[in-house]
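Summary of structural features
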4 protein chains.
Amino acid sequence: MALDKKNSQKYQLIIDAAVTVIADHGYHAAQVSKIAKEAGVADGTIYLYFKNKEDILVSLFRTKMGGFISAIEERMATCPNAEEKLRQIVHMHFNQFSAQPHLSVVMQLEMRQSARDLRLQINEVLKVYVHLMEDVIKSGKEEGTFSQNLDEKLGRQMLFGTLDEMVTNWVMKERKYDLRDLSKPAFEMLLGAFKSGSLSTDA
Amino acid sequence: MALDKKNSQKYQLIIDAAVTVIADHGYHAAQVSKIAKEAGVADGTIYLYFKNKEDILVSLFRTKMGGFISAIEERMATCPNAEEKLRQIVHMHFNQFSAQPHLSVVMQLEMRQSARDLRLQINEVLKVYVHLMEDVIKSGKEEGTFSQNLDEKLGRQMLFGTLDEMVTNWVMKERKYDLRDLSKPAFEMLLGAFKSGSLSTDA
Amino acid sequence: MALDKKNSQKYQLIIDAAVTVIADHGYHAAQVSKIAKEAGVADGTIYLYFKNKEDILVSLFRTKMGGFISAIEERMATCPNAEEKLRQIVHMHFNQFSAQPHLSVVMQLEMRQSARDLRLQINEVLKVYVHLMEDVIKSGKEEGTFSQNLDEKLGRQMLFGTLDEMVTNWVMKERKYDLRDLSKPAFEMLLGAFKSGSLSTDA
Amino acid sequence: MALDKKNSQKYQLIIDAAVTVIADHGYHAAQVSKIAKEAGVADGTIYLYFKNKEDILVSLFRTKMGGFISAIEERMATCPNAEEKLRQIVHMHFNQFSAQPHLSVVMQLEMRQSARDLRLQINEVLKVYVHLMEDVIKSGKEEGTFSQNLDEKLGRQMLFGTLDEMVTNWVMKERKYDLRDLSKPAFEMLLGAFKSGSLSTDA
DNA sequence: TATGAATGAGACTTCATTCAT
DNA sequence: AATGAATGAAGTCTCATTCAT
């Protein structure tokens, strides 16, 4: 294709405009024309870079969340063990959202209003995160740090569910407190959960 | 006497029709006319019982989730201690969704697409559930079962986030496995988390 | 018909309710159900006394405007000559509207929003008034008081148009001044007009 | 450059289409889609040029009645005195309506069915006409042609009321006679009225 | 006579997408 | 590559009227 879309300057310009518009006006009021205006291009130009409106949103998610997850992935390599990896996931999850309030609103509140099939594509992006989490749990079990009874899938669901709920609550409370302060207690609860799987079955 | 709306037979009929239509066609394709047809009434009749379309959805949530939460509340009274209460919350949360697949789809996937102000009303309904969860955690700390370091709000966020994520995953996997089987391991993880708050701080 | 409609108590009750509702809420917000409520009857009862909504309005106009015109007609008999008749028409037109502010709003502003065919029926009622006015002009010409060149139809159009415009202006100014004060100057202008027809033709 | 709405060709096209449709089908049957079809544009295009349906009607009135009044205003400058000005107002009022039968129906019958707030905007447009009329009367008094007792506001109400009623009658009689023939007698009656104010007060 | 719950047709407006320039 | 005017499908809600009780 003549246009090297993904790397063009305008591609990013439009995605950033979408984040701004959605954060400011909400998902349903984020018309293509508003995004175009914010990006400083004509409505029609959008369609030179994106297939349709949904494609803007998927790309937004892929780009932003992708970077988000990559950063965590990279950090994983530097961690000596599963416990540290878990600590870093929690730490970075909160840190990164904390650093990008606009994006937090868009990801936690607004984009969840999207139609079912957009959500399926979002899940594709999240799959990487899911695998990453499950890998950590698996290695924790292998290391003997986490309970042998810990189910990897359920553990991951608890991990993701907990982080997600905490970020959502923080966004809904209009970010009135520091999300990063939740890092330590959240990690400790999760560690307790992952270590204890066996205890209860002993009973 | 004017229509005793909330208790009339048709009120429930319409809400149940809404659940069916939303589950079958998705939130955005759930036109009022479709709901009316499913309920076997005229379009205009809907507006004798509901202020507008949003009101159908709020009422749906209030009725169904309200019953859901009430059932859990009642059960709480029969539990001797916080640990048992926690077990019952997990158990009943999964059991009730498991028993109402249609409703699960509607609550976990479709209604989250609703506009922001509808979501605010939904949150009002959920507040009762939130308080119930926090009360259990508080009593667990008083009983000495849960860690003294456990933060009630964070504990509740983990509890709700975990259950919610598990139900959502189950729904997205098209309910191919038995949700009730997750009850025991989920409870054990949560119990481990709530007991351990202190452990980590010892370190 | 079993029901002696026009003379029944409820017939008038409903018409008066319509006047009140239209005056208070405006023509377009005057739903049948609102009129029924104001009259203290059920919606369906309206249809025992009136063919349809338009029939309420026509009847309203016929009853109220009919009484209005009858009063003027009766007064005519007591007038010695055309000039005095003209004076009385002006006087009573203003006096009667002045005495019924609610009705003035309904007749001058609200009912003019009615559909074309309702207006045709209204014109039927007004025909009596039109004839009365033309008769006065004719007799004025016969008496020699009014110009022989005065066209009866045009004279009547001026007479009605002038009175109507003055009442409408008064209603639109929210009746902040006394309509009856316009009686004398309006009469004098009209008399001048009717006497002068000849002057201009002399030229 | 953004659409130069008011001066674009389509703006006028749509307004003219509205006149045609309203004249043919009546105010209440004049749906936006019908107007769009008559104008040969898509429904949505209407909304590029007008805020909403009411805006079409207000613009219609402003444009057409505005041109109408401007033409009279210009003619005023060429008149040597108030009597001649009065003659020209009557003459042009009838002439212009006579020349635009469609528009006459719309203005005299159909647009009066409009809701109250549209009527308020219409009155704004008419204010110019009202002032013009009152200025003529004032100058007539200064010249000594009209009675010193003539009230400007009442005189204007008679003038407008008379012209308006005559045009309305003509339209309702389906324009079976030549409106312009009324010009001379109407002027003479009005002149007689305006000159005579004093006579009656002598009495 | 009276009720009032139920009916169902009908229209304005938005906004993602296209395509001639 | 870029523009932006034009398109047109689609859905919520109101309210006059009916009819079983």
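Residues numbered from 1 in each chain as written. Chains lettered and ligands numbered in written order. Predicted model: local features only at pLDDT ≥ 70, side-chain atom pairs only at ≥ 80, totals over all residues. Heavy atoms only, no water.

**What to know about the interface of chain D and chain C**
In this complex, chain D contributes 42 residues to the contact, which on the side of chain C involves 40 residues. For the interface between chain D and chain C, the tally reads 0 salt bridges. On the surface where chain D and chain C come into contact, there are 5 residue pairs in polar contact (both at pLDDT 80 or more). For the side of chain D that touches chain C, the secondary structure elements donating two or more residues are α1 (9–25), α6 (101–110), α7 (116–143), α8 (152–172) and α9 (183–202) of chain D. Residue contributions to the side of chain D that touches chain C peak at 13 residues, all from α8 of chain D. Partitioning the side of chain D that touches chain C into residue classes produces 17 nonpolar, 17 polar and 8 charged. (Contact = heavy atoms within 4.5 Å. Salt bridge = Lys/Arg side-chain N within 4 Å of Asp/Glu carboxyl O. Polar contact = N/O pair within 3.5 Å; in protein donor to acceptor, adjacent residues only side chain to side chain. Helix = DSSP H or I, 4+ residues; strand = E, 2+ residues; numbered from the N terminus. Nonpolar A, V, L, I, M, F, W, Y, C, P; charged D, E, K, R; others polar.)

**Considerations on the interface of chain B and chain A**
Counting residues at the interface gives 43 residues for chain B and 40 residues for chain A. Taking both partners together, chain B and chain A bury about 3200 Å²; carbon and sulfur atoms supply 58% of that area. Summed over the shared surface of chain B and chain A, the number is 0 salt bridges. Seen at the junction of chain B and chain A, the total is 5 residue pairs in polar contact (both at pLDDT 80 or more). (Buried area = accessible area lost by both parts, 1.4 Å probe.)

**Let's talk about the arrangement of the chains**
Between chain A and chain C there is no contact, and the shortest C-alpha to C-alpha distance separating them is 31 Å. Considering only C-alpha positions, the minimal separation of the non-contacting chain A and chain D is 12 Å.

**Focus on the UniProt feature "DNA-binding region" (unreviewed entry) in chain A**
The positions UniProt marks with the feature "DNA-binding region" (unreviewed entry) are residues 31–50 of chain A. In residues 31–50 of chain A, helix accounts for 75% and strand for 0%; the two terminal C-alpha atoms are 14 Å from one another. (UniProt positions renumbered as here; feature names shortened; annotations may be inferred.)

**Some thoughts on the UniProt feature "domain: HTH tetR-type" (unreviewed entry) in chain A**
Here the UniProt feature "domain: HTH tetR-type" (unreviewed entry) sits at residues 8–68 of chain A. Across residues 8–68 of chain A one finds 79% helix and 0% strand; the C-alpha atoms that close the span lie 21 Å apart.

**Re the confidence of the model for chain A**
All names here are of chain A. This prediction gives chain A a mean pLDDT of 92; 94% of its residues lie at or above 70. Here helix α9 (residues 183–202) is the element of chain A with the lowest mean pLDDT, 80, and helix α5 (residues 82–99) is the one with the highest, 98. Note that pLDDT drops below 50 for residues 198–203; the model gives that stretch 6 contacts with residues more than four away or on any other chain. (pLDDT = per-residue confidence, 0-100.)

**Focus on the domain arrangement of chain A**
All names here are of chain A. Domain annotation for chain A reports domain 1 (1–50) and domain 2 (54–196). Placing the centre of domain 1 and that of domain 2 at their C-alpha centroids yields a distance of 27 Å. Surface buried jointly by domain 1 and domain 2 totals about 1400 Å² across both partners, of which 72% is contributed by carbon and sulfur atoms. The tally of links from domain 1 across to domain 2 stands at 1 salt bridge. Note that Asp16 and Lys64 form a salt bridge whose closest N and O atoms lie 3.0 Å from each other. Between the two partners, domain 1 and domain 2, sit 4 residue pairs in polar contact (both at pLDDT 80 or more). At 11 residues, the largest contribution of residues to the side of domain 1 that touches domain 2 is made by helix α1 (residues 9–25). Among the residues forming the side of domain 1 that touches domain 2, the class breakdown is 10 nonpolar, 4 polar and 2 charged. (Domains from an automatic or database assignment.)

**Things to note about the relation of the copies chain D and chain C**
When chain D is fitted onto chain C, the two copies agree to an RMSD of 0.2 Å after a turn of 179° and an axial shift of 0.1 Å. Read as a symmetry element, the transformation amounts to a two-fold axis. Of all interface residues in chain D, 93% are interface residues in chain C too; the two copies therefore contact each other through one and the same surface. (Least-squares fit on C-alpha atoms with pLDDT ≥ 70 in both.)

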